[in-house]
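Read off the chains here:
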Amino acid sequence: MTSLTADAPAGSAIPAGRLPESRDPATGEVWKRYPVADEQAVRAAVSRARAAQPDWAHRPSLMRAEAIRRFTQKLMARREEAALIVARENGKPVGEALGVDVGVTLGLADHFVAAAPRFLRARWRRSSMLAAWRKRVTLVKEPYGVVGVISPWNYPMFLPLSSALPALLCGNAVVNKPSEWTPGIAELVKECLHDAGVPPDVYQVVHGAGPTGAALCEAVDKVFFTGSEATGRKVAMACARRLIPCALELGGSDPAIVLADANLAHAASGIAWARFTNAGQTCVAAKRVFVEASVYDEFLRLLTTAVAQLKVGPGTDDATDVGPMIRPEQRATIAAQHADAMARGAHEALRLETPAGDCYFPPTILTDVPADSRVMTEETFGPLLPVTKVRDVDEAIARANDTTQGLSASVWTSDVTRGVAVAQRLHAGSVLINDACTSAGISDVPHGGFKASGLGKVHGDLGLQECVRTKAIAVDWFQAWRQPWWFGYGAEHRAEIDAFLRAAHGASLTDRLRALPRVLRLVFAPTRKV
Ligand code: NAD
């Protein structure tokens, strides 16, 4: 295992990729470094997990649920510390980290603790197919074994746990590869799980950048990946080569549609939060706003007024609404997207002031943004919001759907029925009416994108389903009678089969009843001695 001690200089001894380190985006201070797991270390971690997993899986589901319930207590006890670590690694305000990162994690844990044992219970049923009437069938949900959870930095606690908690509850061992930019919070989560009674080898964390994640994809039985579309494609290809499944939660370019009948003040404050929370670094942020022409000017006035009141500053200051972005390279990407839009004729309706620092990007609202500018065609992962005037709802929907991604969307209207009708025409994995951005944090509502925004779902029963492979066990109770389709072929057998088809699928009741005597001979044919 390549090891980097707390005082080793950045860049030493690492073959490729970025260093896992806790760096405060507001000050640039690197306050902790972590050892990098190379390929060999990843393989060793997965082997340990593989050895420990059967014992974990054999525990009753209620015992596993009890361990996760204790985890919520451990996390509650350390919630302030957790929120501060998130703020000092990610840059977001501590209060936001407490409410969203810690709060959503606790909500997820509570939900899955209650839901998983019920979900895992096997239920017998009789087959509804006439030819299989003798079968009693049950679907058994088995863990995959060792699953890899590769996660990003923007919500570094609840995103990995959205998959890791249900995976653990379903009896899997988990190896998490957190973002190299948020290793500290991953360590705290690991400690809470271990303190709660999850065996150390059943939940492990391996630190590192792309190469560590790639090595994990080569060793585990399923990969849960949350991150960018570009990396998601690499993960999907690695999994395809090994023919193992993966679930992918990828980027989005979510539209917000403001209809003329919307409560504009509500829409403006909701969209202001949905774009600028976490300094715009949210997968389901409102990233493109389309407003019906008749209310465009008033909506823009209300939106700029709402955003103008936001205070930009360090996450550790309680008065801060919008913190710095996480790293200078993320800032550089959003700055390039902004410059591209301006070069194509966009205008700034608002641009806030920021403190000095290499990660701050001023929250900015753009208007007159051409449809082919990068802000409209790419995911914008920062505090930059294009607002576009549209003729009517049809143009809004067409523009909203004009993207390769389809993560989430929002519709703002006083007519909820109309909002739902619009939602049905949007190409997105979830649509919120009169709210935005929160779809990724509701524990019992499945979250996952359409199109290039991903494969599979997290949260709810669909999220639990991702953590198990389903085995069908079909029991035949009647050994006195052979199966109708077994050997014993001949003219008589053919006539009986034909009678069976008529009884099962015949056009009239009379035809069906006439076929019955022959069918009974076929069905109750005694098993021959051989
Ligand atoms: P990223 O793709 O750069 O990194 C994600 C993770 O993948 C990191 O842990 C990284 O180290 C790892 N990684 C990098 N190369 C790898 C490889 N070849 N094989 C395996 N792992 C590898 O993404 P990011 O910048 O950390 O996160 C931001 C992106 O995540 C945005 O696009 C955002 O929209 C998306 N996101 C999506 C959701 C969702 O629920 N759909 C949630 C949060 C973030």
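Just so it is clear, the structure is predicted and the values come from calculations on it, not from any experiment.

Rules behind the numbers
Counting starts from 1 at the beginning of each chain's written sequence and moves along it residue by residue. It should be noted that, the model being predicted, local features are given only for residues of pLDDT at least 70 and side-chain atom pairs only at 80 or more, the latter also being counted only at that level, while totals for whole chains, interfaces and linings use all residues. With hydrogens and water excluded, all non-hydrogen atoms of the structure serve as input to the side-chain values. Throughout the structure description, domain borders are defined by an automatic or database domain assignment. The contact criterion used throughout is that any non-hydrogen atoms of two residues lie within 4.5 Å. Two parts lose some accessible area (1.4 Å probe) when they are put together, and adding that loss for both gives the buried area. Between Lys or Arg on one side and Asp or Glu on the other, a salt bridge is scored when a side-chain nitrogen of the former is within 4 Å of a carboxyl oxygen of the latter. N or O atoms within 3.5 Å of each other form a polar contact, as long as, within protein, one can give a hydrogen and the other can take it, and as long as residues adjacent in sequence are counted only when both atoms are side-chain atoms. Secondary structure elements follow DSSP: runs of H or I of four or more residues count as helices, runs of E of two or more count as strands, with numbering from the N terminus. In these notes, residues near a molecule or strand are those with any non-hydrogen atom within 4 Å of it. Every accessible area reported is derived by Shrake-Rupley at a probe size of 1.4 Å, with residue values counting cover from the shown protein chains alone. Here the nonpolar group is Ala, Val, Leu, Ile, Met, Phe, Trp, Tyr, Cys and Pro; Asp, Glu, Lys and Arg are the charged ones; every other residue, Gly included, is treated as polar. Here, expected helix span is obtained from the residue count minus one, scaled by 1.5 Å. Think of it in three bands: residues with accessible area under 20% of the maximum for their type are buried, residues over 50% are exposed, and the middle band is partly exposed, with areas taken using a 1.4 Å probe on protein chains only.

Caption draft 1: Region of the structure containing the domain arrangement of the protein. Domain annotation for the protein reports domain 1 (30-250 + 461-471), domain 2 (255-451) and domain 3 (481-524). The C-alpha centroid of domain 2 is placed 30 Å from the C-alpha centroid of domain 1. Facing the 25 residues of domain 1 at the interface are 27 residues of domain 2. Across the interface of domain 1 and domain 2, roughly 2,000 Å² is buried in total on both sides, 57% from carbon and sulfur atoms. Of all residues in domain 1, Pro93, Trp153 and Trp181 give up the largest surface area on contact with domain 2, accounting jointly for 26% of the area buried on that side. Viewed at the interface, domain 2 and domain 1 are joined by zero salt bridges. At the junction of domain 1 with domain 2, the criterion picks out seven residue pairs in polar contact (both at pLDDT 80 or more). Those elements giving two or more residues to the side of domain 1 that touches domain 2 turn out to be helix H3 (79-90) and helix H4 (94-120). The element that contributes the greatest number of residues to the side of domain 1 that touches domain 2 is H4, accounting for seven residues.

Caption draft 2: The site of the ligand, seen in detail. In the vicinity of the ligand lie 29 residues, with Lys177, Glu180, Ser228, Thr231 and Glu379 positioned nearest. Between the ligand and Trp153 there is a distance of 2.9 Å, counted from an oxygen atom to a side-chain nitrogen or oxygen. Starting from 850 Å² of accessible surface for the ligand in isolation, the protein chains cover 91%. Looking at the shell around the ligand residue by residue, the classes come out as 13 nonpolar, eleven polar and five charged. Residues from two domains meet in the shell around the ligand; each of domain 1 (30-250 + 461-471) and domain 2 (255-451) gives at least three.

Caption draft 3: Local environment of the environment of Ala341. Position of Ala341 relative to the elements: it lies in helix H11 (residues 328-343). Residues Ala341 and Arg521 lie 180 residues apart in sequence; the distance between their C-alpha atoms is 77 Å. Ignoring any residue separated from it by four or fewer positions in sequence, one finds Ala341 in contact with Ala346, Leu366, Val369, Ser373 and Val375.

Caption draft 4: Local environment of helix H5 (residues 158-169). Here H5 spans 16 Å end to end across twelve residues, near enough to the 16 Å set by a 1.5 Å rise per residue. By the criterion of burial, H5 is predominantly enclosed, with twelve of the twelve residues buried. Where H5 is concerned, the buried positions are Phe158, Leu159, Pro160, Leu161, Ser162, Ser163, Ala164, Leu165, Pro166, Ala167, Leu168 and Leu169. A positive backbone phi angle near 100 degrees is found at Gly171, which sits one or two residues after H5.

Caption draft 5: Seen up close, the pattern of salt bridges. Summed over the entire model, instances satisfying the criterion amount to 39 salt bridges. Linking Glu81 and Arg78 is a salt bridge whose minimum nitrogen-to-oxygen distance equals 2.9 Å. For Glu81, a relative accessible area of 38% corresponds to the partly exposed category. A salt bridge links Asp476 to Lys135, with the nearest nitrogen and oxygen atoms 2.9 Å apart. Of this pair, Asp476 sits in strand S20 (residues 468-476) while Lys135 sits in strand S4 (residues 135-143), placing them 341 residues apart in sequence. Using a relative accessible area of 23% as the deciding quantity, one classes Asp476 as partly exposed. Classification of Lys135 as buried rests on a relative accessible area of 18%. Residues participating in the shared-partner salt-bridge network are Arg18, Lys177, Glu180 and Glu329.

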